[in-house]
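# Descriptive analysis of the structure
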Amino acid sequence: MDTAGEVACVDFWANGFGMRARIALRELGVAFRYVEEDLRVRERSELVRRMNPVHRSVPILVHGGRPVCGSLNILEYIDDTWGNNKARCLLPKDPVHRAHARFWADFIDQKVFSTQTRFLKSKGEEKAVAKCELLEQLKRLDEVLGDKAFFAGDEFGFLDAALIPFSSMFRGYEQHGGFSLDTECPSLMRWVRRCKERESVKSVLPDEDDMYELHKKWYGIE
């Protein structure tokens, strides 16, 4: 792990946050070693405790023996290191568009992910409220995307990499909530299918049924 210049990604196969890093690395053509950290085991490995002693969480990007933590922070590091000085990059060049991408990526982390958790774990009226909130948030992203191919336009970029991993739970949302995202968020679902045509995405995203079954176990869903 201390080899100069070596890139490694420490993650769990079903971790949506970590999928971001693996997709971004593949998108920019960066060779890396994948190190599996099983999040179903309560105790974190010595590697994770050493590389991320504050949060003891994954993903962790290790570059030349030095760790970078936090999924959105990792995306920016990947872009700064392997994208910015090349024709291909993840964040837009325009500062306003860059700020826009960061804003909506934060919206995904602070709103969509927390609402997903409440939607899957809660029952009764609380679940119904969470379902409505989740659909409203996804519809908001559908509006932000509009008729563009990707969130920044014609090129797959930062916000696409931030959101597409969570599409692996969309079928679970539908099964759990009894709704159709093709009906509720048609632009977003066309975008999902477009992203899945990319090698960087389809080589990382897990099977949707496997994801839902795993989350059912995690959240105690019958």
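Residues numbered from 1 in each chain as written. Predicted model: local features only at pLDDT ≥ 70, side-chain atom pairs only at ≥ 80, totals over all residues. Heavy atoms only, no water.

### Points about the packing of helix α3 (residues 71–83) against helix α4 (residues 95–121)
Closest axis-to-axis distance for the α3/α4 pair is 11 Å, and the angle between their directions is 150 degrees. Taken as axis vectors, α3 and α4 run roughly antiparallel relative to one another. Seen from above, α3 lies across α4 with right-handed handedness. Across from S71, L72 and E76 in α3, the residues of α4 making contact are R102, A105, D106 and D109. Taken together, the residues of the contact of α3 with α4 break down into two nonpolar, one polar and four charged. (Axes fitted to C-alpha atoms, helices over the stretch in contact; angles between N-to-C directions. Helix = DSSP H or I, 4+ residues; strand = E, 2+ residues; numbered from the N terminus. Parallel < 35°, antiparallel > 145°, perpendicular 65-115°, else oblique. Left-handed = near helix turned anticlockwise from the far one by under 90°. Contact = heavy atoms within 4.5 Å. Nonpolar A, V, L, I, M, F, W, Y, C, P; charged D, E, K, R; others polar.)

### Some remarks on the side chain of H176
Relative to the helices and strands, H176 resides in helix α7 (residues 170–177). A polar side-chain atom of H176 sits 2.7 Å from a polar atom in the side chain of K127. Setting aside anything within four residues of it in sequence, one finds H176 in contact with F119, L120, K127, Y212 and I221. (Polar contact = N/O pair within 3.5 Å; in protein donor to acceptor, adjacent residues only side chain to side chain.)

### Thoughts on the sheet that holds strand β1 (residues 7–11)
The four strands lie next to each other as β2-β1-β3-β4, forming an open sheet whose pairing is mixed. With partners counted over all chains shown, the strands left at the sheet margins are β2 (33–36) and β4 (66–69), one partner each. Here the strands of the sheet are splayed against their neighbours by 25 degrees on average, with no regard to which way each runs. When strand β3 (residues 60–63) meets β4, the two strands line up antiparallel, connected through four bridges. Note that in β4 the partner of H63 across the bridge is R66. Against the sheet, helix α1 (residues 16–27) engages β1, β2 and β3, with an angle of about 155 degrees to β1. Where α3 meets the sheet, it contacts β1, β3 and β4, and its direction lies at approximately 30 degrees from that of β3. (Pairing = 2+ DSSP bridges.)

### Remarks on the pattern of salt bridges
Taken as a whole, this structure holds 20 salt bridges when the rule is applied. For R22, the salt bridge goes to D11, with nearest N and O atoms at 2.7 Å. Within this pair, whereas R22 is found in helix α1, its partner D11 is found in strand β1, the two being separated by eleven residues in sequence. Note on accessibility: R22 and D11 belong to one class, buried. Between E43 and R49 there is a salt bridge, with the nearest N and O atoms lying 3.5 Å from each other. A residue is classified by how much of its surface remains accessible, and E43, at 52% relative accessible area, is exposed. Taking the relative accessible area as the measure of exposure, R49 reaches 29% and is therefore partly exposed. (Salt bridge = Lys/Arg side-chain N within 4 Å of Asp/Glu carboxyl O. Buried < 20%, exposed > 50% of the residue type's maximum accessible area, 1.4 Å probe, protein only.)

### Comments concerning the packing of aromatic side chains
Throughout the structure, instances matching the rule amount to twelve aromatic pairs. Note on F12 and W13: the rings are 5.6 Å apart at their centroids and 55 degrees apart in plane angle, and the pair reads as tilted. Take F12: its relative accessible area is 0%, and that puts it in the buried class. Residues F170 and Y173 carry aromatic rings whose centres are separated by 5.6 Å and whose planes lie at 40 degrees to one another, so their mutual orientation is tilted. With F170 and Y173 both in helix α7, this residue pair falls three residues apart, about one helical turn. (Phe/Tyr/Trp six-rings, centres within 6.5 Å; stacked < 30°, edge-to-face > 60°.)

### Quick word on the pairing of β2
Of the strand pairs in this sheet, β1 and β2 are connected by four bridges, and their pairing is parallel. Looking across to β2, one finds that A8 is bridged to R33. Taken together, β1, α1 and β2 constitute a β-α-β crossover, and its handedness is right-handed. (Right-handed = clockwise from strand over helix to strand, strands pointing away.)

Any functional reading would require information that these geometric values do not contain.
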